[in-house]
Amino acid sequence: MKDIAINFGGYRLMVTEEPTMKTRENRQTGEIETVTNRAGETQFVVMLFAKPRPVEGRRTGKGEEIKVNLSADPGEGFTEGSYVELVNPVLNTYEMRDQETGQITGSGLWFKADGLKPAGRDALSTAA
């Protein structure tokens, strides 16, 4: 399955590393290159701290830092410490296989969104 729609409504999302262009090392040349999608559009990445919102009668969860791939430049104003919402967030899975044996050598999850927007007043008033 891919591009599984997810709802972060139960979480506060705080920017821990500002959005930047996504890059990778070219395996053949060793040079750093900008990552693009199949249509040739530059991709971006942002690091967020996702912390569960408080629920009365329950202990608040600790939260976790997540990396989110963005399909477009989110624009200015998303600085470290600012609270955001993801536009059309989805979850994807991946697995890596050994080229010779076909055995799975790694697997995991990754987050993707169309963009970022400043969090509404509700997110700011409950931020701690």
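Residues numbered from 1 in each chain as written. Predicted model: local features only at pLDDT ≥ 70, side-chain atom pairs only at ≥ 80, totals over all residues. Heavy atoms only, no water.

Brief notes about a nonpolar patch on the surface
Reasoning step 1: A cluster of nonpolar side chains, Tyr94, Met96 and Trp110, forms an exposed patch at the surface whose accessible area comes to about 280 Å².
Reasoning step 2: Among the structural elements, Met96 can be located in strand β8 (residues 90–97).
Reasoning step 3: Looking at Met96, the relative accessible area reads 45%, which means it is partly exposed. (Patch = residues over 30% accessible without salt bridge, like charges linked within 9 Å, V, L, I, M, F, W, Y side chains within 5 Å. Areas by Shrake-Rupley, 256 points an atom, 1.4 Å probe, with all protein chains shown as cover. Salt bridge = Lys/Arg side-chain N within 4 Å of Asp/Glu carboxyl O. Helix = DSSP H or I, 4+ residues; strand = E, 2+ residues; numbered from the N terminus. Buried < 20%, exposed > 50% of the residue type's maximum accessible area, 1.4 Å probe, protein only.)

Overview of a negative patch on the surface
Reasoning step 1: Negative charge collects at one region of the surface, where Glu17, Glu18, Glu65, Asp73, Glu76 and Glu80 lie side by side.
Reasoning step 2: Along the chain, Glu80 falls in the loop between β6 (64–70) and β7 (83–87). (Lys, Arg positive; Asp, Glu negative; His and termini not counted. Charge placed at Lys NZ, Arg CZ, Asp CG, Glu CD.)

Some remarks on the packing of aromatic side chains
Reasoning step 1: Per the counting criterion, the structure on display carries two aromatic pairs.
Reasoning step 2: Their ring planes at 75° and their centres at 6.1 Å tell us that Phe8 and Tyr11 sit as a pair that is edge-to-face.
Reasoning step 3: For Phe8, a relative accessible area of 17% translates into the label buried.
Reasoning step 4: Classification of Tyr11 as partly exposed rests on a relative accessible area of 36%.
Reasoning step 5: Ring plane angle 55° and centroid distance 5.9 Å describe the contact between Phe8 and Phe111, whose orientation is recorded as tilted. Residue Phe8 is found in the loop between β1 (4–5) and β2 (11–21), and its partner Phe111 is found in strand β9 (residues 104–113); the two are separated by 103 residues along the sequence. Assigned by exposure class, Phe8 and Phe111 land together as buried.
Reasoning step 6: Chaining the aromatic ring pairs together yields one cluster made of Phe8, Tyr11 and Phe111. (Phe/Tyr/Trp six-rings, centres within 6.5 Å; stacked < 30°, edge-to-face > 60°.)

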